[in-house]
Amino acid sequence: FKAFLGSLSPVDVVRLDQAVVGLFLAPVTLGFYVVAQALANLPRVVATSIGFVAYPQVAAERDRASARHAMWRFFFLGLGLSALVVGILELMAGELITLFFGEDFTEATAITEILLLASLFMAGRRVLTDGINGIGHPGFGTIAEVTSWILLIPGLAILLPWLGAEGVALALAISWGASLVLLIVLALAADRTPALGRGRLA
């Protein structure tokens, strides 16, 4: 139950960012944004796959030190692989958009580059959330997720009128980046905090 909100991103569940772009900007801009998001989803797929493996592996460790080590190992693995994917897509974004969607959508390149950075932060947070759930602190991922919501709303209010669709993407990058930093701090604090329920399960 404590981990539930941590898996309910409004961007994933109700496509809040697309709704904002569709409501406040021109329909053609929404088309560019959706194309950009299609490429930016790939790093998050990689991270989600690693997270599915990380959670049971971390939880299965018999002692706390091994569990913490596994958590950080999976985090850096997921972040590294996601960064590799993001780096390649950043370099090839324009060409890939032209190849798959046509030259009419080349204006989506700038949005794509910002969303790719945002997706890197989200990927790191996804893997670390699964790992920290495995060591017995399911509420920490929820705290990070809710923090991203709190930061996203004023970010959209400020950046949308100023930068348009790029502003929406930038607001996501800022909120997800800040929530990742917060989760890292919480994970480091978890190294010194007893895991909830681990003694009872033992």
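Residues numbered from 1 in each chain as written. Predicted model: local features only at pLDDT ≥ 70, side-chain atom pairs only at ≥ 80, totals over all residues. Heavy atoms only, no water.

### Looking at the environment of Ala165
Within the fold, Ala165 resides in helix H8 (residues 165-190). Given the relative accessible area of 3%, Ala165 is considered buried. Linking Ala165 and Ile111, residues 54 residues apart in sequence, is a C-alpha distance of 6.9 Å. Setting aside its immediate chain neighbours within four residues, Ala165 contacts Leu25, Thr29, Tyr33 and Ile111. (Helix = DSSP H or I, 4+ residues; strand = E, 2+ residues; numbered from the N terminus. Buried < 20%, exposed > 50% of the residue type's maximum accessible area, 1.4 Å probe, protein only. Contact = heavy atoms within 4.5 Å.)

### A look at the nonpolar core
Ranked by size, the top nonpolar core spans 31 residues in total, and within it Tyr33, Ile111, Leu115, Leu156, Val168 and Leu172 carry the most contacts. Of all the elements in the fold, those that place two or more residues in this core are helix H2 (16-24), helix H3 (27-40), helix H5 (64-101), helix H6 (108-134), helix H7 (139-163) and H8. Those residues in contact with Ile111 that lie beyond four places of it in its chain are Phe32, Tyr33, Ala36, Ala165, Glu166 and Ala169. (Core = buried A, V, L, I, M, F, W, Y, C linked by side-chain atoms within 4.5 Å.)

### With respect to a nonpolar patch on the surface
On the surface, a cluster of nonpolar side chains totalling about 590 Å² of accessible area is made up of Leu77, Leu81, Leu84, Ile88, Leu91 and Met92. Along the chain, Leu81 falls in helix H5. On the accessibility criterion, Leu81 (37% relative accessible area) is partly exposed. (Patch = residues over 30% accessible without salt bridge, like charges linked within 9 Å, V, L, I, M, F, W, Y side chains within 5 Å. Areas by Shrake-Rupley, 256 points an atom, 1.4 Å probe, with all protein chains shown as cover. Salt bridge = Lys/Arg side-chain N within 4 Å of Asp/Glu carboxyl O.)

### Quick look at the pattern of salt bridges
Scanning the model with the defined rule gives two salt bridges in all. With a closest N to O distance of 2.1 Å, Arg125 and Glu145 form a salt bridge. Of this pair, Arg125 sits in helix H6 while Glu145 is found in helix H7, placing the two residues 20 residues apart along the sequence. The exposure class of Arg125 is buried, given its relative accessible area of 2%.

### Side note on the confidence of the model for the chain
Confidence in the prediction for the chain averages 87 pLDDT; 87% of positions are at 70 or higher. Predicted confidence is poor over residues 197-202, with pLDDT under 50, and the contacts of this stretch with residues over four places away or in other chains come to six contacts. (pLDDT = per-residue confidence, 0-100.)

### What to know about the packing of H3 against H5
At their nearest, the axes of H3 and H5 sit 11 Å apart, and the two run at 125° to each other. One way to sum up the angle between H3 and H5 is to call them oblique. The handedness of the crossing between H3 and H5 is right-handed. Between H3 and H5, the residues in contact are Val35, Ala38 and Leu39 and Leu89, Ala93, Leu96, Ile97 and Phe101, respectively. Tallied by class, residues from the contact of H3 with H5 come to eight nonpolar, no polar and no charged. (Axes fitted to C-alpha atoms, helices over the stretch in contact; angles between N-to-C directions. Parallel < 35°, antiparallel > 145°, perpendicular 65-115°, else oblique. Left-handed = near helix turned anticlockwise from the far one by under 90°. Nonpolar A, V, L, I, M, F, W, Y, C, P; charged D, E, K, R; others polar.)

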